[in-house]
Amino acid sequence: MVMRVAETILTRIEISKDYLNFSAGHFTLFSATERENLHGHNFRVRCAVTARVGEDGLTFDYVILKRALKELCDALDERVLLPLESPYLRIERQDGLVLAHFAEERIPFLDRDVLLLPIRNVTIEELAPLLLGRLRAHPEITAMLPTIRAIKLGVSSGQGQWATAQWESVSA
């Protein structure tokens with residue numbers, strides 16, 4: 001008697017479009033006394049989703065994924081990104097300003113220009129898991145999660161410099 005083992009073949013769909021980007025200002029915090037000067041990057045985002053191909057010959061509707069990724073990028077575009085969870089930076093709002101207190105510095109920004117993020121530092125290694133979590137929480141993506149085995153999301157701050165975060169289904 002020959003035993004047959006059930007086989008599952010998975011396919012990975014990779015989305016890397018020119019429009020999946022955002023331009024943002026930031027400064028990296030190295031210690032309680034050292035930071036970069038304020039500067040900006042043209043960040044890029046890419047995503048790979050692993051799933052089983054269904055009976056209809058599709059893994060999932062790519063349009064939904066591309067739209068969700070574009071929304072994530074648009075939310076960060078043309079903003080100064082500041083970390084809310086840094087042990088080195090204290091954020092204060094006052095009279096239409098966001099004040100970033102670092103060491104002996106008081107750095108003012110217009111409130112409308114700032115996006116406060118629940119991260120420790122504005123680095124690609126912090127942005128990748130943040131965006132992955134936001135992607136997974138997106139209502140249209142949440143509806144697809146039962147069929148998805150893994151999601152890998154990358155953020156780049158420059159040519160050849162990427163950080164990636166990955167989620168894998170425990171029920172796979």
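About the cut-offs
- Residues numbered from 1 in each chain as written.
- Predicted model: local features only at pLDDT ≥ 70, side-chain atom pairs only at ≥ 80, totals over all residues.
- Heavy atoms only, no water.
- UniProt positions renumbered as here; feature names shortened; annotations may be inferred.
- Phe/Tyr/Trp six-rings, centres within 6.5 Å; stacked < 30°, edge-to-face > 60°.
- Lys NZ or Arg CZ within 6 Å of the ring centre and 35° of its normal.
- Axes fitted to C-alpha atoms, helices over the stretch in contact; angles between N-to-C directions.
- Helix = DSSP H or I, 4+ residues; strand = E, 2+ residues; numbered from the N terminus.
- Parallel < 35°, antiparallel > 145°, perpendicular 65-115°, else oblique.
- Left-handed = near helix turned anticlockwise from the far one by under 90°.
- Contact = heavy atoms within 4.5 Å.
- Nonpolar A, V, L, I, M, F, W, Y, C, P; charged D, E, K, R; others polar.

By the naming in an unreviewed UniProt entry, the chain goes by 6-carboxy-5,6,7,8-tetrahydropterin synthase and is assigned to Thermochromatium tepidum ATCC 43061. For the record of the chain, the UniProt heading Pathway (unreviewed entry) holds the text "Purine metabolism; 7-cyano-7-deazaguanine biosynthesis." In its Cofactor (unreviewed entry) section, the UniProt record describing the chain reads: "Zn(2+)".

> Looking at this structure, I do not really get the packing of aromatic side chains. What am I missing?
Within a pair of aromatic rings, the relevant descriptors are the distance that separates the centres and the angle that separates the planes. Applying the stated criterion across every chain yields a total of 2 aromatic pairs. Both rings, one in F60 and one in Y62, keep their centres 5.8 Å apart while their planes meet at 65°; by these two values the pair is edge-to-face. The ring of F27 is capped by R35, whose NZ or CZ atom sits 4.6 Å from the centre of that ring. The lysine or arginine in question, R46, covers the ring of W162, its NZ or CZ lying 3.8 Å from the ring centre.

> What is the right way to look at the packing of helix α1 (residues 62–76) against helix α2 (residues 124–137) in this model?
Axis separation between α1 and α2 bottoms out at 10 Å; the angle between their running directions is 130°. One element, α1, and the other, α2, form an angle in the oblique class. Between α1 and α2 the crossing geometry is right-handed. Seen from α1, the contacting residues are L65, A68, L69, L72 and L76; seen from α2, they are L131, R134 and L135. When the residues that make up the contact of α1 with α2 are grouped by side-chain class, the tally is 7 nonpolar, no polar and 1 charged.

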